[in-house]
Amino acid sequence: MEVNQTYFSLNTTNSNHDYVLSVRGVSKFFGSITALKEVDLDVRKKEIHVLLGENGAGKTTLVNILYGIYRPDSGVINVFGKDVRIGSPRDAISYGIVLVQQHPMLIDKMTVAENLSISFRKLGYFKSPKIIKELIREYSSRYGISVDVDALVSNLSFSEKQEVELIRALLLDVKLLILDEPTTMLTSYERRKLFSVLRGLIDEGRSVLLITHKVVEALEISDWITVLRRGEVVASRPKNAYSVDELVKLVVGESIRAEPIVSEDFSPGNSVRRPEVLSVKDLTVVNDAGGIAVRGVSLDINSGEVVGIAGVSGNGQKELSEALAGLRKVKGGKILICGLDVTNRGPGDRVRAGFAYIPEERLRYGVIGEMNVAENFMLKNHKSFSKYGLILEKDVVESVEEGIKAFNIVTRGPSEKVKALSGGNIQKLIVARELRSNPKVILAHNPTLGLDLKSAVLVRELLIKARSNGSGILLISEDLDEVLTLSDRVVVMYRGSIVYETSRTTASRDVLERAMLGLVNV
Amino acid sequence: MIDTFLVGNFIFLTLKNAVPLVLASVGEVIAERSGIINLGVEGSMVVGALVGVAVTLMSGNYLLGFAVGGLAGLLLASIHGFITVVFGANQIVSGIAVTMTGLGLTALLGRGYVGRSLYGLRPSPLYPYDVGVPDYLKPLLAALVRHDIIVYLSIIIPLLATWLLFKTKYGNSVRACGESPSVAESLGINVILIRFSAVLLGGFLAGLGGAYLSLGIVGTWVENITAGIGWIAVGLVAFSMWMPVRVLMASYIMAALISMSYILQGKVGVSSYFLAMIPYIGTIMILTIVNVERFKLKLGAPTALGRPYIREERLG
């Protein structure tokens, strides 16, 4: 693809040492894949700098290099006017760079104070972490963050974990705070709170590098935006030098429909009563630790209907979806697919009954990374691709190539190993495979999590198409907007139970958000 | 009237026999808390036992022998550390190889020491018990107070290990490495260093345990002196759910069984073959736990136990 180099050179009086961070010509390759190509990036003092781009654009790779998790294959990194070699997170921290990753980097089984003690360098190795409790309290009150220092991290919500990481950064006296997609799992209230904390940091003379794929968010919070596309910087200017349309184009590379599908209304009342394809009765499931994760959930999904389950991650969605997919034992209750009781049968019986599964952990349950695209594509359909137990190589390749085209999967061909694909393309491959057999029921768990805009729109459109073809879809998603866009009915899961249910037409974002936090009684 | 002499003897033996188990198990707890399972404990113990005897005979100082025995155990564990922590190889295979090496090496180098008595150089009791207590209670009192210093040290060490693991930054770092080395790394921990140090510490304690076996219990060197004690120690770690203080209790239970078998020898028909089997049952148990995720979670094992940490892998 042609890349427009639209650098914006700005005549500033700032001399070079006002740059907190200055990156020149950084490239990174993973095998034959170019993750970053000659990237330049400058972050100024007291600036919120947004690194904007789709998933797979190389944003995370770049921050991992800045934090010493990856090493660049070429290029120079300059921190406060000095060329540095960042070989490990320890090095990065010593230069005042702290990364808050997309998934909280905390030890679940330890308390907040214990977690923070580890990275607090001023604390001697044989000192008690108790000393820093006071310090944590002081920082949290100064920045308007409230954390319980003695709480076990596993009991914290996502945003609380993020706050612990912010305090960690402050304890380390961060000069440049890097946040990788910090708002993905936050409610809008939590997001506003985060942004106000970030503003506070800027006022103190610190700098922030924020990674996001959301254009609106970039415009909301940033001072300066650098756009990354396919591993290359395509624009870097002050926020005001962009228009929204232009920014979207820069991110995506070509214009696409910004607003995805709006599904036509479906009301079971005035049409013929459609058959129930999935029926869950009083389902109880335990988690790995033996605690009850799903308690007494009942749900019915009709043919041609999308039911969305909204909720903050960790409220039993994972266990529910695994139980429905036959990957986790059911403790009580029943699961019926098209009237067939599959409660404690394996995934194979469910597939034969017409069940398709788009799992959350796509690399773990969706594909086999070491196998190639064609092999993964036929995983569930071996029968139609073989004769006398032998694989019909030609049929497979033909059908896979068809799928690659139809679903716009970016790959070097059917024989490329799946683990070399980007997340979005892996997801498209899974959806292509799952929809191939015209399933009666589709369970989609966070189907667009971590996908770029284009792939996300495509995946959503495919789900809507499957719905029109009569599939009943259970959508479990942490993205409330996604649930609201796609679902005919919305239910909210909180602490393993369904606490709120509404149809899409009557759904209010506000009420749903409060229900997700357990603030609404049914 | 109970036979106080017999009971006293039993308690005395139990406290003594528990020492190698306590030391080696606590060491293994520290190593496993960092995420490294070290099946080389038996090897470190047997090396510690031989070196302990050799140094004591040479120097005439049993405490020196004891300490150098610990260092010998540490040295052997460093092989395991290099293989598994630095190079990220399979921990089970490496541990077994290290034990084999220890057993073979000591059998070869220990030939000149077989049967050489340590009389006069062995740890001597700290406290005379001829105080004003009724005669029939004397054996019971003796069982508690007439030990050498190492026995009391072995009671303090689990407490020290608890403090180290749960009340210091070093301990938090060790546990972080055992839970998730990638998170630990991003918290700014040098995972390799922490894991390596934990393995060394474990080897040192195993070496001490082995040295006490030859110096304090057997009183001489014999080939394969550990006879599976190291494997029992590894088994006790899971039994104690990776808690040093529970190791102390578990070790006493195990030591009581061993002592009982001495006392009851000839009186009750417990086959010596059955006793010899115990360590290996324990080993099978721990290998099962390490390899079945569900058991691991239930027992509270370190999440990343047995998993090598190799940096710069492209994640999904």
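Along each chain, residue indices are assigned from 1 in the same order as the chain's sequence is written. Each chain takes a letter, starting from A, and each ligand takes a number, starting from 1, following the order in which they are written. Residues qualify for local features only when their pLDDT is at least 70, as the model is predicted, and side-chain atom pairs are given and counted only at 80 or more; totals for whole chains, interfaces and linings, by contrast, use all residues. To obtain the side-chain values, all non-hydrogen atoms of the structure were included, while hydrogens and water were left out.

Considerations on the confidence of the model for chain A
Residues and elements named next belong to chain A. Think of pLDDT as the predictor's per-residue confidence, scored from 0 to 100. Mean pLDDT over chain A works out to 83, with 91% of the residues at or above the 70 mark. Residue contacts follow a heavy-atom distance rule, with two residues in contact if any of their heavy atoms lie within 4.5 Å. Within the model, the stretch residues 1–15 combines pLDDT values under 50 with 25 contacts to residues more than four positions away or in other chains. The low-confidence segment residues 255–271, where pLDDT is below 50, has 26 contacts with residues more than four positions distant or belonging to other chains.

Some remarks on the sheet that holds strand E12 (residues 276–286) of chain A
Residues and elements named next belong to chain A. Strands qualify as paired when DSSP identifies two bridges or more between them. Here a strand is any run of E in DSSP of at least two residues, a helix any run of H or I of at least four, and the numbering for each starts at the N terminus. Reading across from one edge, E13-E12-E15-E16 is the order of the four strands in this open sheet, with antiparallel pairing throughout. Edge strands, defined here as strands with exactly one partner in the open sheet, are strand E13 (292–302) and strand E16 (340–341). In this structure, E12 lies alongside E13, joined through seven bridges in antiparallel fashion. Its bridge partner lying in E13, Val-285 is registered against Val-294. Lines are fitted to the C-alpha atoms to define the axes, a helix being fitted only along its stretch in contact, and any angle between axes, read from their N-to-C directions, falls within 0 to 180 degrees. Here helix H9 (residues 317–325) sits on the sheet and contacts E12, E13 and strand E15 (332–337); the angle it forms with E12, its principal contact strand, is near 125°.

What to know about the environment of B:Ile150
Residue and element names in this part refer to chain B. Position of Ile-150 among the secondary structure elements: in helix H6 (residues 149–167). Note on classification: 1.4 Å probe, protein chains only; a residue is buried when its accessible area is under 20% of the maximum for its type, exposed when over 50%, partly exposed between these limits. Assessed through its relative accessible area of 2%, Ile-150 is described here as buried. Sequence separation between Ile-150 and Tyr-262 is 112 residues, and the spatial gap between their C-alpha atoms is 22 Å. When residues no more than four places from it in sequence are discounted, the contact partners of Ile-150 are Val-19, Tyr-62, Leu-63, Phe-66 and Tyr-212.

Examining the interface of chain A and chain B
Each partner contributes to the interface: chain A provides 37 residues, whereas chain B provides 33 residues. Between chain A and chain B, roughly 2,900 Å² of surface is buried when both sides are summed, and carbon and sulfur atoms account for 57% of that area. What counts as a salt bridge is simple: a side-chain nitrogen of Lys or Arg found within 4 Å of a carboxyl oxygen of Asp or Glu. Linking chain A to chain B there are two salt bridges. Note that B:Glu179 and A:Lys109 form a salt bridge whose closest N and O atoms lie 3.3 Å from each other. A 3.5 Å cut-off defines polar contacts: any pair of N or O atoms within that distance qualifies, except that in protein one atom must be a possible hydrogen donor and the other a possible acceptor, and neighbouring residues in sequence count only when both atoms are side-chain atoms. Summed over the shared surface of chain A and chain B, the result is seven residue pairs in polar contact (both at pLDDT 80 or more). Looking at which element gives the most residues to the side of chain A that touches chain B, the answer is helix H3 (residues 112–119) of chain A, with five residues. In this classification, the charged set is Asp, Glu, Lys and Arg, the nonpolar set is Ala, Val, Leu, Ile, Met, Phe, Trp, Tyr, Cys and Pro, and all remaining amino acids, among them Gly, are polar. A class-by-class count of the residues in the side of chain A that touches chain B yields 18 nonpolar, 10 polar and nine charged. Buried area: the sum, over both parts, of the accessible surface (1.4 Å probe) that disappears when the two are put together.

Some points on the nonpolar core
Grouped together as the largest cluster of nonpolar side chains are 86 residues, with contacts concentrated most on A:Leu177, A:Leu198 and A:Val227. With seven residues, helix H5 (residues 158–171) of chain A is the largest single contributor of residues to this core. Joining through side-chain atoms within 4.5 Å is the link that ties buried Ala, Val, Leu, Ile, Met, Phe, Trp, Tyr and Cys residues into a set, and such a set is a nonpolar core. One finds B:Met45, B:Val174, B:Leu205 and B:Ala233 within the second-largest nonpolar core, a separate group that totals 75 residues.

A word on unusual backbone geometry
All names here are of chain A. With a phi close to 60°, Asn-408 is a non-glycine residue in the positive phi region. By the secondary structure assignment, Asn-408 is in the loop between helix H13 (393–406) and helix H14 (423–435). Judged by relative accessible area, Asn-408 falls into the partly exposed class, the value being 47%. With a phi close to 50°, Arg-495 is a non-glycine residue in the positive phi region. Tracing the backbone shows Arg-495 in the loop between strand E22 (489–494) and strand E23 (497–503). The exposure class of Arg-495 is exposed, given its relative accessible area of 58%.

Focus: the packing of aromatic side chains
The pairing test for Phe, Tyr and Trp rings, Trp by its six-membered ring, is centres within 6.5 Å, and the orientation test on the planes gives stacked under 30 degrees, edge-to-face over 60, and tilted for anything in between. In total, this model carries three aromatic pairs over all chains according to the counting rule given. On the basis of an interplanar angle of 70° and a centroid distance of 5.1 Å, the ring pair of B:Phe82 and B:Phe196 is categorised as edge-to-face. Pair noted here: B:Phe82 is in helix H3 (residues 62–86) and B:Phe196 is in helix H9 (residues 191–218), with a separation of 114 residues, a long-range link. For B:Phe196, a relative accessible area of 15% gives the class buried. The ring of A:Trp224 has A:Arg44 sitting right over it, with the charged end atom 3.8 Å from the ring centre. The rule is short: NZ of Lys or CZ of Arg within 6 Å of the ring centre and within 35 degrees of the ring normal puts a charge over the ring.

A short note on the pairing of strand E17 (residues 355–358) of chain A
Residue and element names in this part refer to chain A. Of the two faces of E17, the one lined by Phe-355 and Tyr-357 and the one lined by Ala-356 and Ile-358 are each fully buried. Relative to strand E20 (residues 441–445), E17 runs parallel, the two being bridged by four bridges. By the bridge assignment, Ala-356 is partnered in E20 with Ile-442.

Remarks on the side chain of A:Ser159
Residues and elements named next belong to chain A. You can see Ser-159 is positioned in helix H5. Given a relative accessible area of 11%, Ser-159 falls into the buried group. Excluding anything up to four places from it in sequence, Ser-159 contacts Leu-186 and Glu-190.

Comments concerning H9(B)
All names here are of chain B. Expected helix span is taken as 1.5 Å per residue step, with the number of steps being one fewer than the number of residues. Taking 1.5 Å per residue as the helical rise, H9 with its 28 residues ought to reach 40 Å, and the 39 Å between its terminal C-alpha atoms agrees with that figure. Across the chain, bend at a residue is computed as the angle between axes fitted to the seven residues ending at that point and the seven starting from it. When the local axis directions of H9 are compared, the greatest deviation, roughly 30°, occurs at Tyr-212. Counting buried positions along H9 yields 21 of 28 residues, so the element is predominantly enclosed. Phi turns positive, to about 85°, at Gly-219, one or two residues after H9.

A few points about the pairing of strand E10 (residues 224–229) of chain A
All names here are of chain A. Burial of E10 is extensive: six of the six residues sit out of reach of the surface. Where burial is concerned, the two faces of E10 agree: the one with Trp-224, Thr-226 and Leu-228 and the one with Ile-225, Val-227 and Arg-229 are both buried. Pairing analysis gives four bridges linking strand E4 (residues 48–52) to E10, with the strands arranged parallel. From the neighbouring strand, Leu-52 faces E10, where its bridge partner is Val-227.

Focus: a nonpolar patch on the surface
Residues and elements named next belong to chain B. Each patch is assembled from residues with relative accessible area greater than 30% and no salt bridge, linking like charges that lie within 9 Å and nonpolar side chains (Val, Leu, Ile, Met, Phe, Trp, Tyr) that lie within 5 Å. Reported accessibility uses the Shrake-Rupley method at a 1.4 Å probe radius. Residues are deemed covered only where the shown protein chains occlude them. Nonpolar side chains collect at one region of the surface, where Ile-79, Phe-82, Ile-83, Val-86, Phe-87 and Ile-192 lie side by side and expose about 530 Å² of accessible area between them. Ranked by the residues each element gives to the nonpolar patch, the list is headed by H3, at four residues. Residue classification places Phe-82 among the partly exposed positions, given a relative accessible area of 45%.

What to know about the sheet that holds strand E14 (residues 306–310) of chain A
Residue and element names in this part refer to chain A. The strand order across the open sheet formed by six strands is E17-E20-E21-E14-E22-E23, and the pairing between neighbours is mixed. A single partner strand is all that each edge strand has here, and the edge strands are E17 and E23. On average, each strand axis in the sheet is inclined to that of its neighbour by 15°, with strand direction left out of account. Alignment of E20 against strand E21 (residues 472–477), held across five bridges, turns out to be parallel. Directly across from His-445, in E21, lies its bridge partner Ile-476. Each of E14, E17, E20, E21 and E22 touches H9; the most contacted strand, E20, lies at about 150° to it. The strands touched by H14 are E17 and E20; relative to E17, the strand with the most contacts, the crossing angle is about 175°.

Considerations on the packing of helix H2 (residues 41–59) of chain B against H9(B)
Residue and element names in this part refer to chain B. The N-to-C vectors of H2 and H9 enclose an angle of 55°; their axes lie 6 Å apart at closest approach. On the basis of their axis angle, the class for H2 and H9 is oblique. Two packed elements cross with a definite hand, and for H2 against H9 that hand is right-handed. Between H2, through Val-41, Ser-44, Met-45, Gly-48, Ala-49, Gly-52, Val-53 and Thr-56, and H9, the contact on the second element is made entirely by Gly-203, Ala-206, Gly-207, Gly-209, Gly-210, Ala-211, Ser-214 and Leu-215. Its residues assigned to classes, the contact of H2 with H9 comprises seven nonpolar, nine polar and no charged. Small angles under 35 degrees read as roughly parallel and large ones over 145 as roughly antiparallel, with 65 to 115 read as roughly perpendicular and the rest as oblique. The hand of a helix crossing depends on one turn: near helix anticlockwise from the far one by less than a right angle means left-handed, and clockwise means right-handed.

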